[in-house]
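# Structural characterization, general
Below are the chains, spelled out letter by letter.
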Amino acid sequence: MQQFDPNRLNPSFSARYVLRDMLGSGGFGFVYVAQRLCDGVEVAVKFIRKSKVHPNSWILDSDLGWVPSEVFILKRIQHPNVIRFLEYYDDDHFGYLITEIHGAPWTSSREALDSSLNGSTGPVSTGFPSPLTPNSCEWSQSSTGTYGCPHPPSVDSLASATSPPISPAQSLDGDPAPKKPPSLTRKSSRDLFECIEQHQRFTEDQAKFVMKQILTVVRDLHALGIIHRDLKDENILINERFEVKLIDFGSATIVAPAQPVVFNSFQGTVQFASPEMLRGERYGGIEADVWALGTCLYIMLTGDAPFQSIQQASFGKINEPRCPLSNEAVHLIYWMLCVSPHERATLLDALSHPWFYC
């Protein structure tokens, strides 16, 4: 595999940008912060390994030529909750996808977080949920079972729930972070996963504010015929005002809007994959996206993953929440995580659910 050399980049890119810090990496590429030389604005640069892009995932763009489908899709999306495409460059081995930067550089320091959220003179704007703070909750001693849907078990027994929630074992956009001197060090993450991991879990009001944005943008993408297929907390950037943007469309696909489409190849991340995907069955991309968002909602509200194993997820055996949740929240979680895709909540079901209005 070709090694990345930051000193041997596309000359046109190097004339406009200088690399700063690394934001993250994965099997198909890695992301750096770069500074635009003409105005000092920071951007994100995703270096996509061309050798990792499937032959069927190259699309001819009228301006850029042959590009990875992720570039083609992002270039055509203008949505407040999708990361904004800026430019694209490439060389023999890498594609350079340049987007805006979004999200707060989340840290485990309580003082730093509180300062970021509250500012120096008072609390966060009353137009948004209150700042993230750890919430204590107790273990529930009830046994975990397999539940039907859309009706989950009663949560009366969870009301007495007292040990702190655990962070997700597996794996909140806005103002750019302050500029740093030139270096290629690792920068704090800006995603939902890191925020929850460092700060345990959200209140229900905070989760409602975030989840409504995510459900809305995924609904809008589906209406355009775009199915993300890798929805997870690490692909959702979030800032100190709880505004979110979706990223990483490397597994996304374009289909005819409003037409039922099924897939037979696994895409995405195992921990967020629906039972039908895990069992190797043909699956609907829309139904699989809903399952992934149900997993995200569970993690947001509990700080834990809903399943301990692939086998458990395959049969929809959800871990009983370890902290007290409203009946409405539990109902929505179990409906979105219904093992049967035909009985699973739709995006419209979720968006109109009573939990958002209670």
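Pairing is antiparallel across the open sheet formed by 5 strands, whose spatial order is β1-β2-β3-β7-β6. Two strands close off the open sheet at either side, each with one partner strand: β1 (17-26) and β6 (85-90). The mean inter-strand angle of the sheet, taken between neighbouring strand axes irrespective of direction, is 25°. Inspection of the sheet shows β1 paired to strand β2 (residues 29-36) by 7 bridges, in the antiparallel sense. Bridge pairing links Gly-24 to Val-31 in β2.

The subject of this paragraph is the packing of helix α5 (residues 204-223) against helix α7 (residues 285-302). In helix packing, the relevant descriptors are the interaxial angle and the interaxial distance, both defined with respect to the helix axes. Direction vectors running N to C along α5 and α7 enclose 165°, while the axes themselves pass 10 Å from each other. On the basis of their axis angle, the class for α5 and α7 is roughly antiparallel. When the axes of α5 and α7 are compared, the crossing they make is right-handed. Along its contact with α5, which presents Glu-204, Ala-207, Val-210, Met-211, Ile-214, Leu-215, Val-218 and His-222, the element α7 presents Ile-286, Asp-289, Leu-293, Leu-297, Met-300 and Leu-301. A per-class count over the contact of α5 with α7 returns 11 nonpolar, 1 polar and 2 charged.

Counting residues in each nonpolar core, the largest one holds 67 residues, and the members touching the most others are Phe-249 and Met-336. The element that contributes the greatest number of residues to this core is α7, accounting for 10 residues. Excluding its chain neighbours within four sequence positions, the residues that come into contact with Phe-249 are Glu-70, Ile-73, Leu-74, Ile-77, Val-82, Leu-221, Ile-226 and His-228. Core analysis: the next-biggest nonpolar cluster, separate from the first, contains 16 residues, Tyr-17, Leu-19, Tyr-32 and Phe-47 among them.

For the α-helix, the turn length of 3.6 residues means that residues three or four positions removed from each other point alike. Taking 1.5 Å per residue as the helical rise, α7 with its 18 residues ought to reach 26 Å, and the 26 Å between its terminal C-alpha atoms agrees with that figure. Across the 18 residues of α7, 16 count as buried, placing the element largely inside the fold. Gly-303, located one to two residues past α7, shows a positive phi value of around 75°.

What follows deals with the pattern of salt bridges. Counted according to the given criterion, the structure contains 17 salt bridges. Put simply, Arg-16 and Glu-87 hold a salt bridge, and the shortest N to O gap is 3.2 Å. Of this pair, Arg-16 sits in helix α1 (residues 11-16) while Glu-87 sits in strand β6, and the two are 71 residues apart along the sequence. Classification of Glu-87 as partly exposed rests on a relative accessible area of 21%. Among the charged side chains, a salt-bridge network with shared partners connects Asp-61, Asp-63, Lys-75 and Arg-76.

Structurally, Ser-274 can be placed in the loop between β12 (262-263) and α6 (275-278). Within the structure, Ser-274 has its side chain in polar contact with the side chain of Glu-276 (distance 3.2 Å).

Residue-level pLDDT values for the protein average 80, and 76% of them are 70 or greater. Across residues 108-185 the pLDDT falls below 50, and counting only partners more than four positions away or on other chains, this stretch makes 192 contacts in the model.

Calculation criteria
Residues numbered from 1 in each chain as written. Predicted model: local features only at pLDDT ≥ 70, side-chain atom pairs only at ≥ 80, totals over all residues. Heavy atoms only, no water. Pairing = 2+ DSSP bridges. Helix = DSSP H or I, 4+ residues; strand = E, 2+ residues; numbered from the N terminus. Axes fitted to C-alpha atoms, helices over the stretch in contact; angles between N-to-C directions. Parallel < 35°, antiparallel > 145°, perpendicular 65-115°, else oblique. Left-handed = near helix turned anticlockwise from the far one by under 90°. Contact = heavy atoms within 4.5 Å. Nonpolar A, V, L, I, M, F, W, Y, C, P; charged D, E, K, R; others polar. Core = buried A, V, L, I, M, F, W, Y, C linked by side-chain atoms within 4.5 Å. Buried < 20%, exposed > 50% of the residue type's maximum accessible area, 1.4 Å probe, protein only. Expected span 1.5 Å × (residues − 1). Salt bridge = Lys/Arg side-chain N within 4 Å of Asp/Glu carboxyl O. Polar contact = N/O pair within 3.5 Å; in protein donor to acceptor, adjacent residues only side chain to side chain. pLDDT = per-residue confidence, 0-100.

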